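As a plain string of letters, each chain reads:
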Protein chains: 2
Amino acid sequence: MKVAIQGERGAFSHEALRRTLPAAEVLACATSKDVFDAVERGRASAAVIPIENTLAGPVAEHYDLLLARRLWIQRESRLRIVHNLIAAPGVRLADVREVYSHPVALDQCRDFFRRHRRIRAVPFYDTAGAVKHVIAQERRDCAAIASRQAAREYGGEVLRAAIEDDKQNFTRFFLVSRQKRVLAGANKTSLAFAVKNVPGALFKALSVFALRDISLSRIESRPVKGRPWEYVFYADILRGRDTAAHNALSHLAEICDFVRVLGIYPAAR
Amino acid sequence: MKVAIQGERGAFSHEALRRTLPAAEVLACATSKDVFDAVERGRASAAVIPIENTLAGPVAEHYDLLLARRLWIQRESRLRIVHNLIAAPGVRLADVREVYSHPVALDQCRDFFRRHRRIRAVPFYDTAGAVKHVIAQERRDCAAIASRQAAREYGGEVLRAAIEDDKQNFTRFFLVSRQKRVLAGANKTSLAFAVKNVPGALFKALSVFALRDISLSRIESRPVKGRPWEYVFYADILRGRDTAAHNALSHLAEICDFVRVLGIYPAAR
């Protein structure tokens, strides 16, 4: 089974995949659009995509793509984001003058840079790509910040493990594919809907769940392109395929301009 | 009056400021945190900050800062985002081989690059900063994509105006200051609240507005740092200081873990 990820091998999506489907083969794609294309055109049978992070928030582009394209959410997973300082074998921390990584990762390791004033943070397009770069260039005065998986992937050594400031750093991932398969034990549903532009519209939309005691674990809004100041809502409800959920979705369709189920899957943990 | 903006002079925030307060002096700051610091410490009497864009969505960092800091929203404004190709005087389009701009701006001008295959898009940290760079370097084979204000600021010439793909591209800005001043005609309120982690909590929160016929023009959620999978909501209601709004906010405080009013101001347009 081949699974697409955005970013280089060793990216956090790769680590998330390895934990969900250890035997899967990875297809590294440059952009998120390439990831969706790969699955839609059959070059990969699924993709692992980050959807939200507990510090940075939603991955907006992936919400937009879930709506624009036709892939189905089959699973969710949560990964604790651990940032490691990685360098070529034999390099010591005292040798390091520059550290490459994605700007978000650099920003999440500020304490490390505060404690090592002689080390300069250098923004790079990708965390795992930074490890690949540092190792390929055989630089002895450089390191990168990335996942442990990235160290394995490029033969790097972890100089300092878990240098992230905030340990409450988790990313939620979706496994998406073309097949609308619902796994056994599915107890969570992700959907998108657009309310009419009338007072109380969102309140009415949420009533279809509240009046049936269906819990909402998440709601997110995104702008609608071409229609300024209008929004699409993305919601996760803690129900799978049952009568109450079915009725709630029918009820929601009565109220909304559109409703689309993006996937029904087992809740992580 | 000195007003802080994030980015170089000529940034879209500068253009928004010029339209709201034409006589104000600009204080250009490197980061959004610097902008908030400048106002809090009195180096500027206000700041203009983008809060959402109709294509890209919310400016998450500014939502986070509005909650973390104590500045007050005094005004909102909306600016149509027009991207212009700007170069040093005398440079012709046929000379241009590289175009510098912020990645979001480059992404919003894809048609231009499709029609001019010989021109390479080069990511830069800031739109106006790209104009400054191109002019300062006296490069004849380079141009930048930025606001008309940036061309004025650095003595650039507009080679092609309005090269953005989607004309429905607007950014909403807030003018924030330390004074909790409510301008005459204020008919909109921005607030932040956190619901208790119980089923139907958001539905109950929205009921305080719906049951009083108060319209919600926007709702946005952001993760709470240190409390994974919990969220703060930001809402805008179409009411100023009146009895219904006052009662709704008291009612909301009964239901929520916290409620904070971020500003009461006249709605744009």
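Rules and cut-offs
- Residues numbered from 1 in each chain as written.
- Chains lettered and ligands numbered in written order.
- Predicted model: local features only at pLDDT ≥ 70, side-chain atom pairs only at ≥ 80, totals over all residues.
- Heavy atoms only, no water.
- Buried < 20%, exposed > 50% of the residue type's maximum accessible area, 1.4 Å probe, protein only.
- Helix = DSSP H or I, 4+ residues; strand = E, 2+ residues; numbered from the N terminus.
- Contact = heavy atoms within 4.5 Å.
- Polar contact = N/O pair within 3.5 Å; in protein donor to acceptor, adjacent residues only side chain to side chain.
- Pairing = 2+ DSSP bridges.
- Axes fitted to C-alpha atoms, helices over the stretch in contact; angles between N-to-C directions.
- Least-squares fit on C-alpha atoms with pLDDT ≥ 70 in both.
- Phe/Tyr/Trp six-rings, centres within 6.5 Å; stacked < 30°, edge-to-face > 60°.
- Lys NZ or Arg CZ within 6 Å of the ring centre and 35° of its normal.
- Buried area = accessible area lost by both parts, 1.4 Å probe.
- Nonpolar A, V, L, I, M, F, W, Y, C, P; charged D, E, K, R; others polar.
- UniProt positions renumbered as here; feature names shortened; annotations may be inferred.
- Salt bridge = Lys/Arg side-chain N within 4 Å of Asp/Glu carboxyl O.

Here we look at helix 6 (residues 127-136) of chain A
Residue and element names in this part refer to chain A. Within helix 6, seven of the 10 residues are buried, which leaves it mostly tucked inside the rest of the structure. On its buried face, helix 6 is in contact with helix 1 (12-20), strand 6 (84-87), strand 7 (98-101), helix 4 (103-107), strand 9 (142-146) and helix 7 (148-154). The backbone nitrogen of alanine 128 has a side-chain oxygen 3.3 Å away, supplied by the residue at the start of helix 6, namely aspartate 126. One or two residues past the end of helix 6 sits glutamate 138, with phi positive at roughly 50°.

Some words on the sheet that holds strand 7 (residues 98-101) of chain B
Residue and element names in this part refer to chain B. Strand order in the open sheet formed by five strands is 8-7-9-6-10, and the pairing between neighbours is mixed. This sheet does not close on itself; its edge strands, each paired only once, are strand 8 (120-123) and strand 10 (157-160). When the angles between neighbouring strand axes are averaged without regard to direction, this sheet yields 40°. Those strands touched by helix 6 (residues 127-136) are strand 6 (84-87), strand 7 and strand 9 (142-146), and its axis lies near 160° from that of strand 9.

Side note on the relation of the copies chain A and chain B
Rotating chain A by 180° and moving it 0.0 Å along the rotation axis overlays it on chain B with an RMSD of 0.0 Å. In symmetry terms, the pair is related by a two-fold rotation axis. Looking at chain A, 97% of its interface residues are interface residues in chain B too, so the copies touch through the same face.

Here we look at the sheet that holds strand 7 of chain A
Within a sheet, each strand pairs with its neighbour through backbone hydrogen bonds, oriented either parallel or antiparallel. Residue and element names in this part refer to chain A. Spatially, the five strands line up as an open sheet ordered 8-7-9-6-10, and their pairing is mixed. Edge positions in the sheet fall to strand 8 (120-123) and strand 10 (157-160), since each has one partner strand and no second. Averaged over all pairs of adjacent strands, the angle between strand axes in this sheet comes to 40°, irrespective of strand direction. Relative to strand 10, strand 6 runs antiparallel, the two being bridged by three bridges. By the bridge assignment for strand 10, alanine 87 is matched with glutamate 157. Helix 6 contacts strand 6, strand 7 and strand 9 of the sheet and is inclined by roughly 160° relative to strand 9.

Digging into the packing of aromatic side chains
Any pair of aromatic rings gets described here by the distance separating the centres and the angle formed by the planes. Counting across every chain of the model gives 15 aromatic pairs over all chains. On the basis of an interplanar angle of 85° and a centroid distance of 5.4 Å, the ring pair of phenylalanine 112 of chain A and phenylalanine 113 of chain A is categorised as edge-to-face. The exposure class of phenylalanine 113 of chain A is buried, given its relative accessible area of 14%. Where phenylalanine 124 of chain B meets tyrosine 125 of chain B, the ring centres are 5.0 Å apart and the plane angle is 40°; that geometry is what we call tilted. Exposure remark for tyrosine 125 of chain B: the relative accessible area of 54% places this residue in the exposed category. Its guanidinium or amino end placed over the ring of tryptophan 229 of chain B, arginine 78 of chain A lies 4.3 Å from that ring's centre, counting from NZ or CZ. The lysine or arginine in question, arginine 269 of chain B, covers the ring of phenylalanine 170 of chain B, its NZ or CZ lying 5.7 Å from the ring centre.

Brief notes about the interface of chain A and chain B
If you look at the interface, chain A gives 38 residues, while chain B gives 37 residues. Three residues, Thr54, Phe203 and Trp229 of chain A, lead the burial of chain A against chain B; their summed loss comes to 24% of the area buried on that side. Where the side of chain A that touches chain B is concerned, the elements lending two or more residues are strand 3 (46-53), strand 4 (57-58), strand 11 (170-177), helix 8 (201-210), strand 13 (216-223) and strand 14 (231-237) of chain A. With eight residues, strand 13 of chain A is the largest single contributor of residues to the side of chain A that touches chain B. When the residues that make up the side of chain A that touches chain B are grouped by side-chain class, the tally is 17 nonpolar, 10 polar and 11 charged.

Details of the UniProt feature "domain: ACT" (unreviewed entry) in chain A
Following the UniProt record, the feature "domain: ACT" (unreviewed entry) maps to residues 190-266 of chain A here. Taken end to end, residues 190-266 of chain A is 30% helix and 40% strand, and its two terminal C-alpha atoms sit 11 Å from one another.

With respect to the pattern of salt bridges
Applying the stated criterion across every chain yields a total of 50 salt bridges over all chains. For arginine 227 of chain A, the salt bridge goes to glutamate 230 of chain A, with nearest N and O atoms at 3.0 Å. You can call glutamate 230 of chain A partly exposed: its relative accessible area is 27%. Aspartate 64 of chain B is the salt-bridge partner of arginine 222 of chain B, the closest N and O atoms lying 2.9 Å from each other. Separated by 158 residues along the polypeptide, arginine 222 of chain B in strand 13 (residues 216-223) and aspartate 64 of chain B in helix 3 (residues 60-68) bring together distant segments of the chain. Residue class for aspartate 64 of chain B comes out partly exposed when judged on its relative accessible area of 21%. When salt bridges that share partners are traced, they join Glu52, Glu76, Arg172, Lys188, Arg218, Glu220 and Asp236 of chain A into one network.

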